[in-house]
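# Overview (structure and organization)
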Amino acid sequence: TQSVTGVGFTPKAVIFYSIQDASAELSFGFDDDTTSEVVFDNSSSTTDTFNSSASNSIYVEETGSNRYVGVVDTFNSDGFDINWTRVGSPTGTATIYYLAFR
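Read on for an overview of the structure. For clarity, every value in this text was computed on a predicted model and none was experimentally measured.

Let's shift gears to the overall build of the protein chain. A count of helices and strands for the protein chain gives zero helices and nine strands. With respect to the principal axes defined by its C-alpha atoms, the protein chain has extents near 40 × 20 × 15 Å. Within the protein chain, the fraction of its 102 residues that count as buried is 37%. Long-range contacts, defined here as pairs at least 24 residues apart, represent 46% of the contacts in the protein chain between residues at least 6 apart. In the form shown here, the protein chain has an accessible surface area of approximately 5500 Å², with 50% of it arising from carbon and sulfur atoms. Averaging the positions of the 4 positive and the 13 negative side-chain charges in the protein chain gives two centres separated by 7 Å.

Rendered as structure tokens:
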């Protein structure tokens, strides 16, 4: 679990944008603490395709069997907590941006 703090308020929803440097895979996700959805570049599994997941807000895929997925666990007074799951052995650096809404 990762705590994101410094937001300055309790978010109602968060939009995520992520990119993974080792494979240039990207994703766009959303979470309002009850509903999450992410659209991600699936090219590492099937060339020139995108896929979606209704159970994650962040999906950083390096290859079909190596990825990180995250979902917002809770919103709190200064940010939010993300539960992360690692699948396989992803490498490289993921850069994740977020936009939090009141």
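Here aspartate 81 is to be found in strand β8 (residues 79-87). Here aspartate 81 sits buried without a salt bridge, and the closest side chain of opposite charge, lysine 12, lies 17 Å off (N-O distance). A polar atom in the side chain of aspartate 81 sits 2.8 Å from the side chain of serine 3. Contacts of aspartate 81, omitting those with residues within four sequence positions, involve Thr1, Gln2, Ser3, Val71, Val72, Asp73, Thr74 and Asn76.

For the rest of this paragraph, the subject is the sheet that holds strand β9 (residues 94-101). In space, the five strands of this open sheet follow the order β5-β4-β3-β2-β9, with antiparallel pairing throughout. This sheet does not close on itself; its edge strands, each paired only once, are β5 (50-53) and β9. Taken pair by pair, the neighbouring strands of this sheet meet at an average axis angle of 15°, ignoring direction. Two strands pair when backbone bridges link them, and strand β2 (residues 13-20) and β9 are joined in this way by eight bridges, in the antiparallel orientation. Within the sheet, the bridge partner assigned to serine 18 lies in β9 and is isoleucine 96.

Unlike most non-glycine residues, aspartate 33 shows phi in positive territory, near 80°. Take aspartate 33: it is sitting in the loop between β3 (25-31) and β4 (36-41). When its relative accessible area of 35% is taken as the criterion, aspartate 33 is described as partly exposed.

Calculation criteria
- Residues numbered from 1 in each chain as written.
- Predicted model: local features only at pLDDT ≥ 70, side-chain atom pairs only at ≥ 80, totals over all residues.
- Heavy atoms only, no water.
- Helix = DSSP H or I, 4+ residues; strand = E, 2+ residues; numbered from the N terminus.
- Buried < 20%, exposed > 50% of the residue type's maximum accessible area, 1.4 Å probe, protein only.
- Contact = heavy atoms within 4.5 Å.
- Areas by Shrake-Rupley, 256 points an atom, 1.4 Å probe, with all protein chains shown as cover.
- Lys, Arg positive; Asp, Glu negative; His and termini not counted.
- Charge placed at Lys NZ, Arg CZ, Asp CG, Glu CD.
- Salt bridge = Lys/Arg side-chain N within 4 Å of Asp/Glu carboxyl O.
- Polar contact = N/O pair within 3.5 Å; in protein donor to acceptor, adjacent residues only side chain to side chain.
- Pairing = 2+ DSSP bridges.
- Axes fitted to C-alpha atoms, helices over the stretch in contact; angles between N-to-C directions.

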